[in-house]
2 protein chains.
Amino acid sequence: MRRILITNDDGVKAKGISALIEMMRPYGDITVVAPFEAQSGMSAALTIGKPLRLTELKSEEGLKIYACSGTPADCVKMAMNQIFNQKLPDLLVSGINHGSNASIASLYSGTLGAAAEGTVYGIPSLGLSLSTHDPKADFSAALHFGKIIIDKYLEIPTSPDIYLNINFPSIPKEDVKGIKFSHQGKGQWIKEFEERKDPYGFNYYWMTGEFYNQEPEDLLADHNLVSQNYISIVPHKIDTTDYTELKRLEKLWKF
Amino acid sequence: MRRILITNDDGVKAKGISALIEMMRPYGDITVVAPFEAQSGMSAALTIGKPLRLTELKSEEGLKIYACSGTPADCVKMAMNQIFNQKLPDLLVSGINHGSNASIASLYSGTLGAAAEGTVYGIPSLGLSLSTHDPKADFSAALHFGKIIIDKYLEIPTSPDIYLNINFPSIPKEDVKGIKFSHQGKGQWIKEFEERKDPYGFNYYWMTGEFYNQEPEDLLADHNLVSQNYISIVPHKIDTTDYTELKRLEKLWKF
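A. Layout of the overall build of chain A. The helix and strand inventory of chain A stands at seven helices and 13 strands. Taking 18 Å as the expected radius of gyration for a compact globule of 255 residues, we find that chain A reaches 19 Å, a close match to that expectation. Dimensions along the principal axes, computed over C-alpha positions, put chain A at roughly 55 × 55 × 50 Å. Here chain A holds 255 residues, and the buried ones make up 53% of them. Within chain A, residue pairs in contact and separated by at least 24 positions form 75% of the contacts whose partners lie at least 6 positions apart.

Right, dumping it as structure tokens:
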């Protein structure tokens, strides 16, 4: 029986992870290790300097659910060390995230931090995200096309050195125009903080921000594909060395 | 006058950031925005869901120091939005980290998360790390060679889409064999947790771990260079798309 590890960054109680469990149950035995609480924007962060907790929430035939007090990447490490005992699961699926992880969001994403950690462990890993932050989002189109993608993934494996970042537009399945491979689009957040004063007169800052699309004309970039009602699939590398720049600098910089 | 942003992940009180301030003062006006407390292993994590604080600690001619309650990447965002007001500094230097950020540590590193954030903002960015966790580490060799590298960096700019990950061996400067460009080496942590019981009988877990070198024979990989007493410089990309795998999958996966 295929052994599948599921995690996310919105926490074990999020609607998106329940949708993902439903989607993945036909594919094998499911072990969920997900954060107790929301861990959005945690990237591949690890918890160092304070201890972690791991709590079993459910154990039934084909489905075990644990909550971990740490980050998404902690959840994967905890699963590998304390549950799977370093024996690899066959598949890691992270999500379904409430919110897009296309473009530069891939840098900050806890959903993808967990997928990256899976890849470091040698586990075929994917992150799935739906482009709305609505906690009551409708995941039906993501589930429909998610299964089509998983079937393909199991049929034709990807390179072991990458994880897939799959972003679904938040629209009815009839309106989805197709599934396309893509690359990480260029963008950044601007106007990132809202400044407030506390009751004692001191400033504090909420992270908010507006997404600034740095290449609206590149219609094949992942975030632009999702805006055009396509599902985008991007393979991301663990080795982020820029080999072209490495060769260029090696020639130019003499010490 | 050149405007330089300095941050780190060991916190504003760490010896490594004091060493870096000393190293960088001759190059321009320094603004430090660093975490109040240690934020090791925070990768490019952002603080979402709770507000941030920013406190001025020092303001003198050519040197301002602020502490921020968030992660290293938060510090860069806070600096850009609340201090530089989106006007780019000329240079961002993160570190000097107490501990190596070679090999897979680059994925988890808060030092490099801050450098990545600088690159997203279009600021030429570098992360510097010394391969010892000793809080009283001797940074004199790092300062000596760090200045040589900064001089070269200012003379011949790197691509704007990358940040440099520079790792110094923790040895006297006479023992340093040279400075070499390199690539992110393959490795992972194993045996990652120490399990303990709290006074109430419940388990908790400290992240510890052993580094497992997945390519000891690749003597040019960054972590192996540092072990051989070289300083390694790796250019890391913000766009982590695997374009080779993208083209391969586009041909193989038909929907």
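From this point, the discussion proceeds with the structure in view.
B. Fine view of the relation of the copies chain B and chain A. Superposing chain B onto chain A takes a rotation of 180° plus a shift of 0.0 Å along the axis, which leaves an RMSD of 0.0 Å. Put plainly, the chains are arranged around a two-fold axis. Of the residues that chain B buries at the interface, 100% are likewise interface residues in chain A, meaning the two copies contact each other through the same surface.

C. Looking closely at the interface of chain B and chain A. Taken together, the contacts link 60 residues of chain B with 60 residues of chain A. Taken together, the elements giving at least two residues each to the side of chain B that touches chain A come down to helix H2 (72-83), helix H3 (105-108), helix H4 (110-120), helix H5 (140-155), strand S8 (178-181), strand S11 (203-207), strand S13 (230-237) and helix H7 (243-252) of chain B. Among the elements that take part in the side of chain B that touches chain A, H7(B) stands out by supplying six residues, more than any other. Of the residues belonging to the side of chain B that touches chain A, the class tally is 34 nonpolar, 17 polar and nine charged.

D. A look at the sheet that holds strand S2 (residues 29-35) of chain B. Residues and elements named next belong to chain B. Spatial strand order, S3-S4-S2-S1-S5-S6-S7-S13-S8: nine strands in an open sheet with mixed pairing. Strands at the two margins of the open sheet, each flanked by one partner only, are strand S3 (54-60) and S8. Recorded for the sheet is a direction-independent mean angle of 20° between the axes of neighbouring strands. By the bridge criterion, six bridges tie S3 to strand S4 (residues 63-68) in an arrangement that is antiparallel. By the bridge assignment, Lys58 is partnered in S4 with Ile65. Sheet strands in contact with H4 are strand S1 (3-7), strand S5 (91-98), strand S6 (125-130) and strand S7 (162-168), and its direction is about 170° off that of S6.

E. Inspection of the pairing of S4(B) at higher detail. All names here are of chain B. When S2 meets S4, the two strands line up parallel, connected through six bridges. Within the sheet, the bridge partner assigned to Pro35 lies in S4 and is Cys68. Counting the residues that bridge the hairpin from S3 to S4 gives two residues, and of these Gly62 lies at a positive phi of roughly 80°.

F. The arrangement of the packing of helix H1 (residues 15-24) of chain A against helix H5 (residues 140-155) of chain A in detail. Residues and elements named next belong to chain A. Here H1 crosses H5 at 40°, and the two axes come no closer than 10 Å. As far as their axial angle goes, H5 and H1 are oblique. For H1 against H5, the interelement crossing comes out right-handed. Contact residues: H1 offers Ala19, Glu22 and Met23, while H5 offers Ala142, Leu143, Gly146 and Lys147. Looking at side-chain class alone, the contact of H1 with H5 contains four nonpolar, one polar and two charged residues.

G. Fine view of the sheet that holds strand S2 (residues 29-35) of chain A. Residue and element names in this part refer to chain A. Judged by pairing direction, the sheet is mixed, and its nine strands sit side by side in the order S3-S4-S2-S1-S5-S6-S7-S13-S8 without closing on themselves. Lying at the two open borders of the sheet, with one neighbouring strand each, are strand S3 (54-60) and strand S8 (178-181). Taking each pair of neighbouring strands and ignoring which way they run, the sheet shows an average axis angle of 20°. Across four bridges, S8 lies against strand S13 (residues 230-237) in parallel orientation. Residue Ile179 lies in a different strand from S13, and its bridge partner there is Ile231.

H. Spatial organisation of the environment of Asn213(A). Residues and elements named next belong to chain A. Within the secondary structure, Asn213 sits in strand S12 (residues 210-213). The sequence separation of Asn213 and Trp189 amounts to 24 residues, and the corresponding C-alpha distance is 8.7 Å. Setting aside chain neighbours within four positions, we find Asn213 in contact with Gly187 and His223.

I. Representation of the confidence of the model for chain A. In this model, chain A carries a mean pLDDT of 97, and residues with pLDDT of at least 70 account for 100%. This complex was scored by the predictor with a pTM of 0.97 and an ipTM of 0.96.

J. Highlighting H5(A). Residue and element names in this part refer to chain A. Along its 16 residues, H5 runs 23 Å from first to last C-alpha, staying within 8% of the 22 Å computed at 1.5 Å per residue. Among the residues of H5, those classed as buried are Ala142, Gly146, Ile149 and Ile150. Structurally, H5 contributes buried residues whose contacts are with H1, strand S5 (91-98), strand S6 (125-130), strand S7 (162-168) and S8.

What counts and what doesn't
- Position labels on residues start from 1 in each chain and follow its written sequence.
- Chains and ligands are labelled by the order in which they are written, letters from A for the one and numbers from 1 for the other.
- Owing to the predicted nature of the model, reporting of local features is limited to residues with pLDDT of at least 70; listing and counting of side-chain atom pairs is limited to 80 or more, with chain, interface and lining totals taken over all residues.
- Put simply, DSSP H or I for four residues or longer makes a helix, DSSP E for two residues or longer makes a strand, and each gets a number counted from the N terminus.
- Within these notes, the globule rule equals 2.2 Å times the number of residues to the 0.38 power, and the radius of gyration is based on C-alpha atoms.
- Any residue whose C-beta has 12 or fewer other C-beta atoms within 10 Å is treated as exposed, any with 20 or more as buried, and any in between as partly exposed, C-beta atoms being built from the backbone.
- A pair of residues counts as a contact when their C-beta atoms, built from backbone coordinates, are separated by no more than 7 Å.
- Least squares is the method for superposing the copies, and the C-alpha atoms it fits come from residues with pLDDT of at least 70 in both.
- Charged residues are taken to be Asp, Glu, Lys and Arg, nonpolar residues to be Ala, Val, Leu, Ile, Met, Phe, Trp, Tyr, Cys and Pro, and polar residues to be all remaining types, Gly included.
- Note on pairing: two strands pair once DSSP finds at least 2 bridges between them.
- Every angle, taken between N-to-C directions, lies between 0 and 180 degrees, and every axis is a line fitted to C-alpha atoms, over only the stretch in contact when it is a helix.
- Here roughly perpendicular refers to angles of 65 to 115 degrees, roughly parallel to angles under 35, roughly antiparallel to angles over 145, and oblique to all remaining angles.
- The sense of a crossing depends on the near helix, which, turned anticlockwise from the far helix by less than a right angle, makes the crossing left-handed and, turned clockwise, makes it right-handed.
- As a per-residue measure, pLDDT reflects the predictor's confidence and takes values from 0 up to 100.
- Residue count minus one, scaled by 1.5 Å, sets the expected span of a helix.

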